[in-house]
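# Tertiary structure, described
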Amino acid sequence: MFQIERKQELAKGTIIRFDLSAPKIAKKAKPGQFIILRVNETGERVPMTIADKDEFAGIITIIFQVVGKTTALMRSLKEGDLIKDVAGPLGKPAEIEKIGTVIMVGGGTGVAILHHVTKAFKNAGNHVIGIIGAREKDMIILENEMSSICDELIITTDDGSYGERGFVTLPLEKYLNERHDIKLVYAIGPIIMMKNVCALTKKYEMPTVVSLNPIMIDGTGMCGGCRVNVGNQTKFCCVDGPDFDGHQVDFDELEKRNSLYLKDEKDSLLFSIK
Amino acid sequence: MRIKDVKYLRFKTYLNAYCPHCNQSFNVDTINEKTLDFKAVYKKKKIDLRLSPYLDVFELEASVPVEKGDILDDLLCPYCSKSIVKKDFSCKECGTKAAEVIISADEKLIPFYLCLKYGCEWHGLSKADEKKIKLKIPRQDMPEQDQTLRIHNHQEVPYGYTSELALLEAGRCIQCKNPKCIDGCPVNIDIPGFISLVVEEKFDEAVKKIKERNILPAICGRVCPQENQCEEACVLGIKEKPVAIGRLERFVADFERKMELVKVPIINKNTGKKIAVVGSGPAGLTVAADMRQLGYSVTIFEALHETGGVLTYGIPEFRLPKSIVQFEINYLKEMGCRIELNHIIGATITVDELLENFNAVFIGVGAGLPTFMNIEGENLGNVFSSNEYLTRMNLMKAYKFPEYDTPMPKGENVTVIGGGNVAMDSARTAIRTGSDKVTIVYRRSRNELPAREEEVHHAEEEGIKFRLLTNPVRYLGTDDNRVKGMECIKMELGEPDNSGRRRPIPIEGSNFILDCDLVVIAVGTGPNPTIFQSTPDIKRNKWGYIEVNPDTNETSKEFVYAGGDIVTGSATVIQAMGAGRIASNAMHEKLSKIKK
């Protein structure tokens, strides 16, 4: 059993942060890695990227958006409540090295994960430019944390209610045009965002890493449910990823695979309300 | 065959005896007792004589006291009053005259002799005769759930033997002087030993006899491929069918559990040494139990949230109820083994870190990486690896969706690729989700199906179709990326390949389309690399399986042992247990020499 040490609502009650007590995982977790959790006996196994960790306090942080049955259930949990199973850290850590200037692009809850990787890039001595976007002002998360890490930070909202109006690709394109010292783009967010970012950076032949979040069950390479098509090869996101060369990823396939259970998700949610 | 129709003769055999003249039965069946009733002449008086119909008891009871050693003058049929004493024939033991009755054994009528001397236990059958008759008892089937009902539930299919059937089956064992079955068993259970205890109705002692070598009889009795192991070696199998050793094993284990006779064994004095077992499947559980009993403190690390490994996530409920798996694991807990769930060795803790805290490590992580065929359309929706499909259904209990949160994959027209036990399990699981049609597509012919005959038989009974000599070439998808069919090619069999089976060869131009809306790929598994990423010094072969010293099962890294599928590739539960046994013996030997 894993205790929720701290719970915080980050945006409008839809994006929530948990600090979980998981000392063994905290000791090992590296940026880019994830855990699998199962809330209770009847729960499903859900992958959650580790958004931060405190090795000494034995804490790992996860940030999630309420989208379905499990996340709705998690929102109902309070500080001090227990989560039945947490396993990890899983997946390969993000490759962090000093390469110069990197642009970190995050959308929605993707910023939560991005923040952990950004910190690592900064600590490795890179010049870090952050671009974070959301639908509207209230959905922007971790702005303070990101601005304290990033050398430069741009915020965009789809409706223009905060920061620049439009998608993250606009400021990204501007940077790619203006600055020629950029070595890497790292993008985490909704599939459509990562797809657009990759389409853009491909034009500039700019190496781009994306962090994928397909449907998983065990998270240890056993089921193959998380398979993604990368450069026409099938990869298991849980053991080969979650980070991949964004220019090689078949995002359309991933999007379709991720929407396979939307109806079941709805049924499950309705069943739980009944 | 109904039990009451079975005529047989064995230790504790119930005799059906008939008069050789009028063919009336001597058997009298009342609520209180069963007897064979005769008339007799004793000291020139007519008396009633009752004989126990059980061959081993064989006690006589007379209406006037008969002294032991006295000889009856005559023995008569109570119905036709004719003498049944056989002329020119005498007891082979004491030379007294003997009476002849007719008994039926396996629907054959044979003469059976009774010595007229009271107390003489000679019954007119030589050992050779007895063996001959035993051979004629047919192998007993287990009663099972009706095939039309069982496809609507996930309960276990066979109910198991009743004690009556078990006695009958155990009676078939001829107790060979030089039993081959023991060598056929990967953990060398004393099979004739436990069967003779079954014959004596000492079911609890029988299961203890098995447990000397195998701690998981309820599981092995269900899932071992006995037909390739102990039962293959059984000499009865040469002319008839072998003794159903697995079914008897299952019977005594279930008996022990249901009668609550399971007792924690005596644990040796604490050695002060610690063992880490990685993986809670059959190999790991064996090592844990062995080492714990020898007095080591044992911790089992399991990556998933439930113990049992393949027994839990792979084998379906209707073939191996999860309550039985958990019962066996509780037994280990009661012995004092610690279990750490959600610990992925290689990620949460590395093998090197384990070695800092434990004297030895056993790796029994299985072969859990699913194999795909790398053909077009394999990433379409509703195309699953058998691992994913079965994990969803068994481990995550998706068949209880939405009570359980994991969605249940469901198709009207399901195709399973492969011919092994996992393919049968997947197909039989699918038919239980209410699919209209479930088809197994296999590239060789029925003779080459690697699945157990019993499983194939069950699958056929349940209405699963077989498309043999067929292989998928690519999958076709709908607009929303779900599978809607597959292009197949027909195959023919060529020369035998390395596996000894005839190699399937595609027939050019024989392609055709098979409609389906759910595909399960069950074409094998490989080793999962997770544990090795942090431990590159464990030597592995070219397929990624661990190389071990076959005498000790120690790996190239000292104090690290391995066994089960991670060494051999996909094999059986009992083979994994056998490998665990080798490792625990070697571990104990090595650690005993080392001072703490």
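On a predicted model such as this, the values are computed, not experimentally measured, just so you know.

Residues and elements named next belong to chain A. Taken domain by domain, chain A comprises domain 1 (2–90) and domain 2 (101–258). Domain 1 and domain 2 are separated by 21 Å when their C-alpha centres are compared. Across the contact, 21 residues belong to domain 1 and 22 residues belong to domain 2. When domain 1 packs against domain 2, the two sides together hide about 1900 Å² of surface, and 64% of this comes from carbon and sulfur. Where domain 1 meets domain 2, there are one salt bridge. In this structure, the salt-bridge partner of D52 is K119, at a minimum N-O distance of 3.1 Å. Linking domain 1 to domain 2 there are four residue pairs in polar contact (both at pLDDT 80 or more). Mapped onto the side of domain 1 that touches domain 2, the elements with two or more residues apiece are β1 (2–11), β3 (34–38), β4 (46–54) and β5 (59–65). Looking at which element gives the most residues to the side of domain 1 that touches domain 2, the answer is β4, with six residues.

Our next topic: the sheet that holds strand β7 (residues 85–90) of chain A. All names here are of chain A. The antiparallel open sheet is built from seven strands, whose spatial order is β6-β1-β2-β5-β4-β3-β7. A strand with exactly one partner marks an edge of an open sheet, and here the two such strands are β6 (82–83) and β7. In terms of strand pairing, β1 meets strand β2 (residues 15–21) through six bridges, oriented antiparallel. Residue R6 lies in a different strand from β2, and its bridge partner there is D19.

As a further point, take the sheet that holds strand β13 (residues 208–211) of chain A. In a beta sheet, neighbouring strands pair by backbone hydrogen bonds and run either parallel or antiparallel. All names here are of chain A. Read from one edge to the other, the open sheet built from seven strands follows the order β11-β10-β9-β8-β12-β13-β16, with strand pairing classed as mixed. Two strands in the sheet have a free side with no partner beyond their single neighbour: β11 (164–165) and β16 (243–245). Summarising the sheet, strand β12 (residues 182–188) and β13 pair through three bridges and their orientation is parallel. What sits directly across from V185, in β13, is T208. Across the sheet, helix α6 (residues 191–203) touches β8 (101–107), β12 and β13, and the angle it forms with β12 is around 160°.

What follows covers the interface of chain B and chain A. On the chain A side, the residues contacting the 44 residues of chain B number 44 residues. Buried area between chain B and chain A, summed over both chains or domains, comes out near 3700 Å², and the portion from carbon and sulfur atoms is 53%. Three residues stand out in chain B for area buried against chain A, namely N342, N379 and D405 of chain B, and they jointly supply 19% of the buried area on that side. Linking chain B with chain A are two salt bridges. One can count 21 residue pairs in polar contact (both at pLDDT 80 or more) joining chain B with chain A. Looking at the side of chain B that touches chain A, the elements that each hand over two or more residues are β14 (369–370), β15 (383–385) and α15 (386–395) of chain B. In terms of residue count, α15 of chain B provides more of the side of chain B that touches chain A than any other element does, four residues in total. The residue inventory of the side of chain B that touches chain A, partitioned by class, reads 17 nonpolar, 16 polar and 11 charged.

Residues and elements named next belong to chain B. Counting buried residues along strand β16 (residues 413–417), five of its five residues qualify, which places the element largely inside the surrounding structure. Here β16 shows two buried faces, one formed by N413, T415 and I417 and the other by V414 and V416. Following the chain from β16 across helix α16 (residues 421–432) to the adjacent parallel strand β17 (residues 437–441), one finds a crossover that is right-handed. Judged from the four bridges that link them, β16 and strand β23 (residues 518–521) form a sheet pairing that is parallel.

All names here are of chain B. According to the stated counting rule, one finds 53 salt bridges over all chains in the structure shown. E256 is the partner of K211 in a salt bridge, and the nearest nitrogen-oxygen pair spans 2.9 Å. Within this pair, whereas K211 is found in helix α6 (residues 203–211), its partner E256 is found in helix α10 (residues 245–258), the two being separated by 45 residues in sequence. K211 gets classed as buried once you look at its relative accessible area, which sits at 17%. Taking the shortest distance from any N to any O, the salt bridge between R428 and E462 comes out at 3.1 Å. You can see R428 sitting in helix α16 and its partner E462 sitting in the loop between α17 (453–461) and β18 (465–467), a full 34 residues away along the chain. As far as the burial class goes, R428 and E462 line up, both buried. What emerges from the salt-bridge pattern is a single network uniting E144, R150, R319, D425, R428, R432, E455, E461 and E462.

Moving on: the side chain of R444 of chain B. Residues and elements named next belong to chain B. With respect to the helices, strands and loops of the structure, R444 is situated in the loop between β17 and α17. With a relative accessible area of 2%, R444 lands in the buried category. Polar contacts involving the side chain of R444 include one to the main-chain carbonyl oxygen of R502, which spans 2.9 Å. Once residues within four sequence positions are removed from consideration, R444 is found in contact with L468, L469, L493, D497, S499, R501, R502, R503 and P504.

Per the stated rule, a full pass over the model turns up nine aromatic pairs over all chains. Ring geometry for F236 of chain A versus F372 of chain B: centroids 6.0 Å apart, planes at 85°, classification edge-to-face. Residue F236 of chain A is found in strand β15 (residues 233–236), and its partner F372 of chain B is found in the loop between β14 and β15; the two belong to separate chains. Considered together, F236 of chain A and F372 of chain B belong to a single accessibility category, that of buried residues.

The next point concerns unusual backbone geometry. Put simply, G88 of chain A and P89 of chain A share a cis peptide bond, and its omega is -5°. Along the chain, the position of P89 of chain A falls in strand β7. Of the consecutive residues F401 of chain B and P402 of chain B, the connecting peptide bond is found in the cis state with omega at 5°. Turning to its location among the elements, P402 of chain B is positioned in the loop between α15 and β16. For E205 of chain A, which is not glycine, the phi dihedral falls at a positive 50°. Within the element layout of this structure, E205 of chain A appears in the loop between α6 and β13.

The subject of this paragraph is the pairing of β3 of chain A. Residue and element names in this part refer to chain A. The buried fraction of β3 is high, at five of five residues. Of the two faces of β3, both are covered, the one formed by F34, I36 and R38 as well as the one formed by I35 and L37. As defined by bridge partners, β3 adjoins β4 across four bridges and the pair is classed as antiparallel. The partner of I36 across the bridge, within β4, is P47. Here β3 runs beside β7; their pairing, made up of four bridges, is antiparallel. Across the sheet, residue L37 finds its bridge partner in β7, namely V86.

The rules behind the values
- Residues numbered from 1 in each chain as written.
- Chains lettered and ligands numbered in written order.
- Predicted model: local features only at pLDDT ≥ 70, side-chain atom pairs only at ≥ 80, totals over all residues.
- Heavy atoms only, no water.
- Domains from an automatic or database assignment.
- Contact = heavy atoms within 4.5 Å.
- Buried area = accessible area lost by both parts, 1.4 Å probe.
- Salt bridge = Lys/Arg side-chain N within 4 Å of Asp/Glu carboxyl O.
- Polar contact = N/O pair within 3.5 Å; in protein donor to acceptor, adjacent residues only side chain to side chain.
- Helix = DSSP H or I, 4+ residues; strand = E, 2+ residues; numbered from the N terminus.
- Pairing = 2+ DSSP bridges.
- Axes fitted to C-alpha atoms, helices over the stretch in contact; angles between N-to-C directions.
- Nonpolar A, V, L, I, M, F, W, Y, C, P; charged D, E, K, R; others polar.
- Buried < 20%, exposed > 50% of the residue type's maximum accessible area, 1.4 Å probe, protein only.
- Right-handed = clockwise from strand over helix to strand, strands pointing away.
- Phe/Tyr/Trp six-rings, centres within 6.5 Å; stacked < 30°, edge-to-face > 60°.

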